[in-house]
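Structural characterization, general
If you want the building blocks of each chain, they are given just below.
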Amino acid sequence: MRLFDPHIHMTSRTTDDYQAMSKAGIAAIVEPAFWLGQPRTHVGSFEDYFLSLLGWERFRASQFGIRHFCTMGLNPKEANDSKIAAGVMELLPLYLEKDGVVAVGEIGYDDMTPTEEKILTAQIELAREHALPVLIHTPHRDKKRGTQRTLDLLRDLAFPPALALVDHNNEETIQSVLDSGCWAGHSIYPETKMDERRMVEIVKRYGTERVLINSAADWGVSDPLKVPKTAALMREEGIDEASIETLCWHNPVAFFAQSGRLDLDEESKVDQRALFEGNSVLRGQTPRVD
Ligand SMILES: [Zn+2]
């Protein structure tokens, strides 16, 4: 079974992770633009980051047989820096036109400041103009209120719920997200927030419709194999293969295909002789060529 991790920050992961992910069956990923652990001080740093998501990172994934897509957006933490925010908002329309960009994201609330709301609203409008879905981050503190406020804003802006993926859900938020008509993402973390076992219970209770599972792996303590690990536990717990495939492949495909840019047609053949701007992922190893 091919697996899809619809939310993973590969820029902060190693080639060992790519190898393990490929071996575990992950065939496609979406890397949302996000913050990098500390605030950027120049708009140009965003531009180089966006270019690396479209360039080097997509190439790196391809060298391990993984199809890489990304989302572009200004994250809520850095939205609070008005000088940075204005410059990034100016850049975004250009990057939303690029191949392989399958949504606006990740956007949303963090501290739920008025500035965050202004930038979030502007980016939802950008998504509408570019006919793209949105990938929405919900706050880790005060999650229930943050999620409700997100759903209220989408409704007030009359943004089509079928084009909105609201992420980082838990037992307290999933019902309201599903009731709104939006898609509900779940980030499976080591020890905190949401784990494989709780996810299995959520699937047993709420089913598979518009439900997604991701690792949200980044530079912190996280695990890029959480999608395959959750699939394995679902199997062990008697959830049928068709449901597992719906959650871990068909649902992310259906959601991001709405961008018109989710090109999964040809099989991903690995050719590690390939170079990106003269650079390879290899350091003297024999290239793998399928
Ligand atoms: Zn993220």
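Let us look at the structure shown here. The shown structure was predicted, so the numbers you read here are calculated from the model rather than taken from an experiment.

Some thoughts on the overall build of the protein
- When its secondary structure is counted, the protein shows eleven helices and eight strands.
- For 290 residues, the compact-globule formula gives about 19 Å, and the C-alpha radius of gyration of the protein, at 18 Å, lands near that figure.
- Taken over the C-alpha atoms alone, the protein extends approximately 55 × 50 × 35 Å along its principal axes.
- Among the 290 residues that make up the protein, the fraction classed as buried is 56%.
- Sequence-distant contacts in the protein: of pairs separated by 6 or more residues, those separated by 24 or more amount to 73%.
- Carbon together with sulfur atoms contributes 50% to the accessible area of the protein, which is approximately 12,500 Å² in total.
- In the protein, 32 side chains carry a positive charge and 45 a negative one; their mean positions are 2 Å apart.

Notes on the coordination of the zinc ion
- Only His-7 (NE2), His-9 (NE2) and Glu-106 (OE) from the protein reach the zinc ion as donors, at distances of 2.1 to 2.2 Å.
- Motif for the zinc ion, donor spacing along one chain: H-x1-H-x96-E. You can see His-9 sitting in the loop between β1 (3–5) and α1 (15–23) and its partner Glu-106 sitting in strand β4 (residues 101–108), a full 97 residues away along the chain.
- Glu-106 sits in the buried class, given a relative accessible area of 1%.

Side note on unusual backbone geometry
- Across the junction of Gly-105 and Glu-106, the peptide omega takes the value -10°, indicating a cis bond.
- A positive phi angle is found at Glu-277, which is not glycine, with a value near 45°.
- The exposed category is assigned to Glu-277, whose relative accessible area is 70%.

Remarks on the nonpolar core
- Grouped together as the largest cluster of nonpolar side chains are 75 residues, with contacts concentrated most on Phe-50, Met-72 and Met-234.
- Of the residues forming this core, the biggest block, seven residues, is contributed by helix α5 (residues 82–95).
- When sequence neighbours within four positions are dropped, the list of residues in contact with Met-234 reads Val-200, Val-203, Ile-213, Ile-239, Ile-244, Leu-247 and Cys-248.
- Counting 16 residues, the second largest nonpolar core, distinct from the first, contains Phe-4, Val-102, Leu-165 and Leu-264.

Re the environment of Leu-36
- When you line up the elements, Leu-36 lands in the loop between β2 (26–32) and α2 (43–54).
- Among the residues examined, Leu-36 registers a relative accessible area of 38% and is labelled partly exposed.
- Residues Leu-36 and His-9, 27 residues apart in the sequence, show an inter-C-alpha distance of 9.6 Å.

Some thoughts on the packing of aromatic side chains
- Applying the stated criterion across every chain yields a total of twelve aromatic pairs.
- Ring centres 5.7 Å apart and planes at 55° place the aromatic pair Phe-4 and Trp-249 in the tilted group. Taken as a pair, Phe-4 in strand β1 and Trp-249 in helix α11 (residues 241–257) lie far apart in primary sequence, 245 residues in all.
- Cluster of aromatic residues (ring-pair linked, three or more members): Phe-4, Trp-183, Trp-249, Phe-255 and Phe-256.
- One Lys or Arg, Arg-40, reaches over the ring of Phe-46 and ends 3.9 Å from the middle of that ring.

Here's the deal with the sheet that holds strand β7 (residues 183–187)
- Spatial strand order, β1-β2-β3-β4-β5-β6-β7-β8: eight strands in an open sheet with parallel pairing. Of all the strands in the sheet, just β1 and β8 (211–214) have a single pairing partner and so form its edges. If you compare each strand with its neighbour and ignore which way they point, the axes differ by 25° on average.

Focus on α11
- Taking 1.5 Å as the rise per residue, α11 with 17 residues should run 24 Å; its terminal C-alpha atoms sit 22 Å apart, in good agreement.
- At Leu-247, α11 shows its strongest bend, of approximately 45°.
- Residues of α11 that are buried include every one of Ser-243, Ile-244, Leu-247, Cys-248, Trp-249, Asn-251, Pro-252, Phe-255 and Phe-256, and no others.
- One side-chain oxygen of the residue at the start of α11 lies 3.3 Å from the amide nitrogen of Ala-242, identifying that residue as Asp-240.

The rules behind each value
Residues numbered from 1 in each chain as written. Predicted model: local features only at pLDDT ≥ 70, side-chain atom pairs only at ≥ 80, totals over all residues. Heavy atoms only, no water. Helix = DSSP H or I, 4+ residues; strand = E, 2+ residues; numbered from the N terminus. Rg over C-alpha atoms; globule rule 2.2 N^0.38 Å. Buried < 20%, exposed > 50% of the residue type's maximum accessible area, 1.4 Å probe, protein only. Contact = heavy atoms within 4.5 Å. Areas by Shrake-Rupley, 256 points an atom, 1.4 Å probe, with all protein chains shown as cover. Lys, Arg positive; Asp, Glu negative; His and termini not counted. Charge placed at Lys NZ, Arg CZ, Asp CG, Glu CD. Donors = N, O, S within 2.8 Å, 3.2 Å for Na, K, Ca; no water. Core = buried A, V, L, I, M, F, W, Y, C linked by side-chain atoms within 4.5 Å. Phe/Tyr/Trp six-rings, centres within 6.5 Å; stacked < 30°, edge-to-face > 60°. Lys NZ or Arg CZ within 6 Å of the ring centre and 35° of its normal. Pairing = 2+ DSSP bridges. Axes fitted to C-alpha atoms, helices over the stretch in contact; angles between N-to-C directions. Expected span 1.5 Å × (residues − 1). Bend = angle between axes of the 7 residues up to and from the residue. Polar contact = N/O pair within 3.5 Å; in protein donor to acceptor, adjacent residues only side chain to side chain.

Note that all results are geometric; they support no functional claim without further evidence.
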